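# Report on the structure
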Amino acid sequence: MEKFDKLTGIAAPLDLINVDTDMIIPKQFLKTIKRSGLGVNLFDEMRYDDDRNEIPDFVLNKPQYRDAQIIVAGDNFGCGSSREHAPWAIKDFGISCVIAPSFADIFYNNCFKNGILPIALPQEQINVLMKDAQKGSNARMEIDLEAQTITTSDGEVFTFDVDAFKKHCLMNGLDDIGLTMEKAASIDTFEAAAAQSRPWV
Amino acid sequence: MSPKTLYDKIWDAHVAHEAEDGTCLLYIDRHLVHEVTSPQAFEGLRMAGRKVHAPDKTIAVPDHNVPTTLDRANAATMTEDSRIQVEALDKNAKDFGIHYYPVSDVRQGIVHIVGPEQGWTLPGMTVVCGDSHTATHGAFGSLAHGIGTSEVEHVLATQTLIQRKGKNMKVEITGKLAPGVTAKDITLSVIGKTGTAGGTGYVIEYCGEAIRDLSMEGRMTVCNMAIEGGARAGLIAPDEKTFAYVMGRPHAPKGAQWEAAMNWWKTLYSDDDAHWDKVVTIKGEDIAPVVTWGTSPEDVLPITANVPAADSFTGGKVDAAKRSLEYMGLTAGMPLSDIKIDTVFIGSCTNGRIEDLRAAAAILKGKKIKDGMRAMVVPGSGLVRAQAEEEGLADIFIEAGFEWRMAGCSMCLAMNPDQLAPGERCAATSNRNFEGRQGRGGRTHLMSPAMAAAAAVTGHLTDVRDLM
Ligand code: SF4
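Residues numbered from 1 in each chain as written. Chains lettered and ligands numbered in written order. Predicted model: local features only at pLDDT ≥ 70, side-chain atom pairs only at ≥ 80, totals over all residues. Heavy atoms only, no water.

### Brief notes about the site of the ligand
Residues and elements named next belong to chain B. Near the ligand the following residues occur: His64, Ile110, His112, Asp131, His133, Ser348, Cys349, Cys409, Cys412, Leu413, Asn431 and Arg437. Taken atom by atom, the bulk of the ligand overlaps the largest cavity. In terms of residue class, the shell around the ligand is built from 5 nonpolar, 5 polar and 2 charged. Looking at the shell around the ligand, you find at least three residues from each of domain 1 (6-163) and domain 3 (290-467). (Near = heavy atom within 4 Å. 1 Å grid on protein atoms, 1.4 Å probe; cavity = no way out; pocket = protein on both sides within 12 Å on 5 of 7 lines; lining within 4 Å. Sits in = over half its atoms within 2 Å of the grid points. Nonpolar A, V, L, I, M, F, W, Y, C, P; charged D, E, K, R; others polar. Domains from an automatic or database assignment.)

### Remarks on the pairing of strand β16 (residues 374-378) of chain B
Residue and element names in this part refer to chain B. Where burial is concerned, most of β16 is hidden: 4 out of the 5 residues are buried. Pairing of strand β15 (residues 343-347) with β16 involves 5 bridges; the strand directions are parallel. Bridged to Ile346 within β16 is Val377. Of the strand pairs in this sheet, β16 and strand β17 (residues 403-404) are connected by 2 bridges, and their pairing is parallel. Counterpart to Met376 in the pairing with β17 is Glu403. (Buried < 20%, exposed > 50% of the residue type's maximum accessible area, 1.4 Å probe, protein only. Helix = DSSP H or I, 4+ residues; strand = E, 2+ residues; numbered from the N terminus. Pairing = 2+ DSSP bridges.)

### Focus on the UniProt feature "binding site: [4Fe-4S] cluster" (unreviewed entry) in chain B
Residues and elements named next belong to chain B. Cross-referencing UniProt, the feature "binding site: [4Fe-4S] cluster" (unreviewed entry) maps to Cys349, Cys409 and Cys412 in the present numbering. For this annotated set, covering 64 residues, all C-alpha atoms fall within 8.8 Å of each other, a compact arrangement in space. Set against the largest cavity, the annotated residues that line it come down to Cys349, Cys409 and Cys412. Within the secondary structure layout, Cys349 lies in helix α12 (residues 348-351). (UniProt positions renumbered as here; feature names shortened; annotations may be inferred.)

### Focus: the sheet that holds strand β3 (residues 30-33) of chain B
Sheet strands line up and pair through hydrogen bonds in the backbone, either parallel or antiparallel. All names here are of chain B. In spatial order, the strands read β5-β4-β3-β6-β7; together these 5 strands make up an open sheet with parallel pairing. With partners counted over all chains shown, the strands left at the sheet margins are β5 (99-100) and β7 (143-146), one partner each. Across 2 bridges, strand β4 (residues 58-60) lies against β5 in parallel orientation. Following the sheet pairing, Ala60 is matched in β5 by Tyr100.

This is the structure we're talking about:
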């Protein structure tokens, strides 16, 4: 997995609450058996009209946000289905950080497995970041995972929380499965005990 | 010993490893797999030269994009990309030696209906699936999480999930339900009250007299939508109804093992003085038959209400409601029961079980659907379908003018050809009314099977109590 430590980039403002996974990547794109290539269909139904022309009003279609690497959004981002295609599409588009007041659990988890940092902050701070993002491509936000800070284009600094283990994995690009397999002995011991206590499983 | 909730008890029984920071490896008893969220996980295993750790605890069934038309045995009815996914699952099931119910098997159906039906889901288990509606299995008092594809791969390889413990939330539904009010009305009303993020970070336990009174089918409907309330899992303590449902199922324990299992299962309840981080109480009598008006499952109102005005909300919800009303083509103030319907969809893992079909058929018996209406019933599994035919329900649906389909997810998410056209308005028994969920531009109103049947008869959203 790709490492994440620092990121300085353009933030796209997506001032909507309950951005759901069907919006992020509609189901017609779930038929792939690969992880890559979903970026062109990120936010597909908001991004293109029926004739597949870009809808100019949509934030990621605006020239100043085409190279966005950060999204600032409203409450409950990523709600809906468990589809990991949502973070795959976000990452494939080039976005590595999503900032919102809150996230749906499964989406939040899925981000970390794909080198994306989701940051939850209080609404007042989101309001400041949303304004900053609205300034367009001149405004670059800086995310420092090590220090757990976001710096706006005006130099205002916010700190954020992140689970220590998730941070460690993200910063080092660690693969969960490899880490878990180092604990194979614990799993074997658990299985042997469970075979005695709950043999019907 | 300090008092525990049901969630605490199941959690504690499944921690295989706990790191100093509280990150746990949770052992997984059952892993359910479907064709859409698993191909990349199996591909990952192959690339790393890994095996499935516990193939006998892993069960696969294609459901999301299989056609539900009667001629589906003919592979040509599937689009190329859907066929590739189903064939990938066929191959992966075979290569990795996991249990499999192919499309040709009468036991095939929606993964969350097949699991309980076959006795794979049992009380006190940990159950995962690469699908957010895995919460359904919580109805058995099992801890059931939806997971992403990376986690699917992790569980395949290690039979564990990396987790931190969630918080405990109690949702109590007291007293009795009024006639015409069902499990779907309970679960939608809870979301209407707590919002789609109200359960985020929590595991919900549903309890109270109205929950106890529900059948297992009804309890599955309630737990199914825990995720729409933001909770990754919802559960209900097992009781005599649970045990009666489980007993004799193909993969349920038998003989001495049944006795041993029962001894443990009977300890699976929340202790009286257990700690709850959040409690929500709703009076059963206060719940009405409800429908959704917007594009979020929290947009719930009694059928007797009017379409709300966007500015009756606060915060970000004002803009969200504006957007919803525009998308749904509704004007504030109009009675919900005036909303005309083009299509009715009865099915999904929320309401595709036998009891749901009985409830809808009870309304439709001897009636016809409104002229020009498109209506379909998609049973949740081949066995539900067979039972409904045996009980004569299929005839009632067909005589009323419904299409009688084969089992699958179908128009719940419209990955197969069953889709809404732009602007088409659907009364659906499924669980999500997001923009485009049932087809681009499609408009979805969520409700119970009885309410959907009532709408099919009258052609507009209808208070089912008027037809009872
Ligand atoms: S019926 Fe709908 S919600 Fe249930 S598993 Fe299938 S697509 Fe998902």
